[in-house]
Amino acid sequence: MTSTVVAGIDGSPASTAAAQWAAEEARRRGATLRLVHAWPWLTDGVSSYAGPDDLPAAAQRILTEAADTVREAHPELTVRTDAVLDAPVDGLVAAGAEADLLVLGSRGRGGFTGLLLGSVSMAVAGRSGTPVVVVRDTGQGHGPSGEVVVGVDAHAPEEEVLAFAFREAALRGARVRAVHGWDLPPLFGYAGGAVPATAVEQLEALEAKLLTLALAGQREQHPAVEVVEDVRLGAARGVVETSAGAALVVVGRRRRSIELGPRLGRVAHAALHHAEAPVAVVPHD
């Protein structure tokens, strides 16, 4: 079965960037690109409400423009367009369930200037059972030489997240930068004063060994992928700091049987708001 990459489209600059990024990804994967426009009242940006007779035309304008842009750059790509009569979050999550990857812009038409991440992208990334990539309209992530940065909890590594990062690196001919952030044990805070340098070095050496063990399986499966092991204090900060110039940042999100409370962990949250590259949120058990 041919794989599918879905891009959510709403006519905003960020969604245009998402469509272009998704097209490149579909080309690398040999996949079909599906452009989806989801909105309960498919407006054309002029009226606040579109009646039933206006829905096809209003949606089609947005989809046609996006599809034409993509086809001009990638004439060999199979591109489908669909209007989904549903609320944005529900419609995009449902569309993503039928795909291998769901790509979104960071902010839609209704976003406030200065906000890096819109509520729809945040909600979809927190709910989707399919990996979600969030792209900003800054030209980020273009160029084959960028690394694929993946946040790793070396104490409890998630193979689904690591496998996604290694596959993406292999598709790009890029290297993986595995970032494991760690924190000083609480007892150092209780002791007060400066932490002895020798103690930090010993702890860091232990964390580095754990990271090496965590990566062993994927390194064996992807021997051609170069790997940089990066151990530093602060998990969220480490992922954001290494995102500059990256082709992609990959972080995990735990699936929840009951969707109550926060759906994104602090590393995923920080990456989505502050990373300087497209961010892939990969759900895992």
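Above: the structure in question.
The residue numbers shown here count from 1 along each chain, following its written sequence. Where local features are concerned, this predicted model is filtered to residues with pLDDT of at least 70; where side-chain atom pairs are given and counted, the filter is 80 or more; whole-chain, interface and lining totals use all residues. Here the side-chain values reflect all heavy atoms present in the structure, with hydrogen atoms and water set aside.

A. How the structure looks around the nonpolar core. Throughout, nonpolar core names a set of buried Ala, Val, Leu, Ile, Met, Phe, Trp, Tyr and Cys residues whose side chains join them through atoms within 4.5 Å. Burial classes follow relative accessibility: with a 1.4 Å probe on protein chains only, a residue under 20% of its type's maximum area counts as buried, one over 50% as exposed, and anything between as partly exposed. Counting residues in hydrophobic clusters, the biggest one holds 47 residues, and the most contacted among them are Val-5, Leu-33, Leu-35, Val-103, Val-133, Val-150 and Val-250. The way it works is that DSSP assigns letters per residue, a run of H or I at least four long becomes a helix, a run of E at least two long becomes a strand, and they are numbered from the N terminus. In terms of residue count, the dominant contributor to this core is helix 1 (residues 13–29) (seven residues). Look past the residues within four positions of Leu-35 in its chain and what remains in contact with it is Ala-7, Ile-9, Ala-19, Leu-63, Ala-66, Ala-67, Val-79, Arg-80, Thr-81 and Asp-82. Membership of the second largest hydrophobic core comes to 29 residues, among which are Val-89, Ala-125, Val-249 and Ala-268. Residue contacts are defined here by distance: any two heavy atoms, one from each residue, within 4.5 Å place the two residues in contact.

B. A look at the packing of helix 1 against helix 5 (residues 159–172). In this description, a line fitted to the C-alpha atoms serves as the axis of each element, helices being fitted only across the stretch in contact, and the angle between N-to-C directions of two axes falls anywhere from 0 to 180 degrees. The geometry of helix 1 relative to helix 5 is characterised by a closest axis approach of 10 Å and an angle of 85 degrees between their N-to-C directions. Relative to helix 5, helix 1 is oriented roughly perpendicular. Of helix 5, the residues touching helix 1 (which contributes Trp-21, Glu-25, Arg-28 and Arg-29) are Phe-164, Glu-168, Leu-171 and Arg-172. Working rule for angles: under 35 degrees goes down as roughly parallel, over 145 as roughly antiparallel, 65 to 115 as roughly perpendicular, anything else as oblique.

C. A look at helix 4 (residues 119–127). For helix 4, the full list of buried residues reads Ser-121, Val-124, Ala-125 and Gly-126. Packed against the buried residues of helix 4 are helix 3 (88–96), strand 4 (101–105), strand 5 (132–135), strand 9 (248–254), helix 9 (266–274) and strand 10 (279–284).

D. Local environment of the pattern of salt bridges. Salt bridge, as used here: a side-chain nitrogen of Lys or Arg that lies within 4 Å of a carboxyl oxygen of Asp or Glu. This model, assessed by the stated rule, comprises 22 salt bridges. When the shortest N-O distance is used, the salt bridge between Glu-24 and Arg-27 registers 3.1 Å. In this pair, Glu-24 and Arg-27 both sit in helix 1, three residues apart, roughly one turn of the helix. Residue Arg-27 is classed as partly exposed on the basis of its relative accessible area, which comes to 40%. Ionic pairing is found between Asp-230 and Arg-177, a salt bridge with its closest N-O pair at 3.0 Å.

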